[in-house]
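Remarks on the overall topology
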Amino acid sequence: LSGIAFGPEAGFMVGAITAFASNFFYGQGPFTPWQMMAYGAGGMLAGFCFAKGRLPQKPLVMAVFGFLATILWVGPLLDCSHIFLMVSVINWNSIIAAFVSGFPVNLSQGICTVLVMLLVLTAIIVTTVIANRAPEEVPLPPADSSQVGVEDPDEDDGSTDTDAPVGDQPSDTPVDTLPTEFL
């Protein structure tokens, strides 16, 4: 998501730091640099593929991309760590066995990626659309701005200048000219 939103560099950094930070809870090990590289590469790949509109930023497209990137890119990179760190004799049989035994894990991670992309992205998009909808009509100040906030001297509202506590001076900014978040 960070690669899609902020570009390939941010995608790499967030992916790498996420793996590093999560291993403070799950345990650091010789696999940590491999995870950092794989997750960072996944974020960078997303940044390159979605940059400048190469792929549309729609939840379904991002979910399919996330699934394929997990199965074909991130998962095999992590399987390579198994080959280089755990296998005593590296040959074609041990390489194939590592990739075949890693496929169910990669598949489950790909399915979780699809679910997160569809559920979270849909919620984010809906929230963003609601937050950025057109604001309600805001009343404009009167045409003659010199008259804003000027009271009619003949009108008596029953209060005197001594009614206000000391330090409560009226604001020089008329209410009609404040931004809408202050109204």
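Refer to the preceding data block for the structure.
Counting of residues starts from 1 at the beginning of each chain's written sequence and follows it residue by residue. This being a predicted model, a pLDDT of at least 70 is required before a residue's local features are given, and a value of 80 or more before pairs of side-chain atoms are given or counted; all residues contribute to the totals for chains, interfaces and linings. With hydrogens and water set aside, each side-chain value is computed from the structure's full complement of heavy atoms.

Moving on, we come to the packing of helix 3 (residues 32-50) against helix 4 (residues 59-86). Every angle, taken between N-to-C directions, lies between 0 and 180 degrees, and every axis is a line fitted to C-alpha atoms, over only the stretch in contact when it is a helix. For helices the rule is a DSSP run of H or I covering at least 4 residues; for strands it is a run of E covering at least 2, with both sets numbered from the N terminus onward. The geometry of helix 3 relative to helix 4 is characterised by a closest axis approach of 9 Å and an angle of 150° between their N-to-C directions. By the criterion of interaxial angle, the relationship of helix 3 to helix 4 is roughly antiparallel. Judged by the sense of rotation from one axis to the other, the crossing of helix 3 with helix 4 is right-handed. Touching Trp34, Gln35, Met37, Ala38, Tyr39, Ala41, Gly42, Leu45, Ala46, Cys49 and Phe50 of helix 3 are Val61, Met62, Phe65, Ala69, Trp73, Val74, Leu77, Leu78, Cys80, Ser81, Phe84 and Leu85, all from helix 4. Comment on the angle field: the value is read as roughly parallel under 35 degrees, roughly antiparallel over 145, roughly perpendicular from 65 to 115, and oblique elsewhere. With the far helix as reference, a near helix turned anticlockwise by less than a right angle produces a left-handed crossing, and one turned clockwise produces a right-handed crossing. Whether two residues are in contact is decided by their heavy atoms: any pair within 4.5 Å suffices.

What follows is about helix 3. The end-to-end C-alpha distance of helix 3, which contains 19 residues, comes to 27 Å, matching closely the 27 Å that a straight helix rising 1.5 Å per residue would cover. Looking at the packing, one finds that the buried side of helix 3 touches helix 1 (2-6), helix 2 (8-26) and helix 4. Remark: Lys52 follows helix 3 within two positions and exhibits a positive phi of approximately 55°. Multiply 1.5 Å by the residue count of a helix minus one, and that product is the helix's expected span.

Pairing of aromatic side chains requires ring centres within 6.5 Å, counting the rings of Phe and Tyr and the six-membered ring of Trp. Pairs whose planes differ by under 30 degrees are stacked, by over 60 edge-to-face, and all others tilted. Here the structure, examined in full by the defined rule, presents 3 aromatic pairs. Note on Trp34 and Phe84: the rings are 5.7 Å apart at their centroids and 20° apart in plane angle, and the pair reads as stacked. Of the two residues, Trp34 is situated in helix 3 and Phe84 in helix 4; the sequence distance between them amounts to 50 residues. Relative to Phe65, the ring of Phe50 has its centre 5.2 Å away and its plane inclined at 85°; by these criteria the two rings are edge-to-face. Of this pair, Phe50 sits in helix 3 while Phe65 is found in helix 4, placing the two residues 15 residues apart along the sequence. To sort residues, take the accessible area from a 1.4 Å probe on protein chains only and compare it with the maximum for the residue type: under 20% means buried, over 50% means exposed, and anything in between is partly exposed. Assessed through its relative accessible area of 14%, Phe65 is described here as buried.

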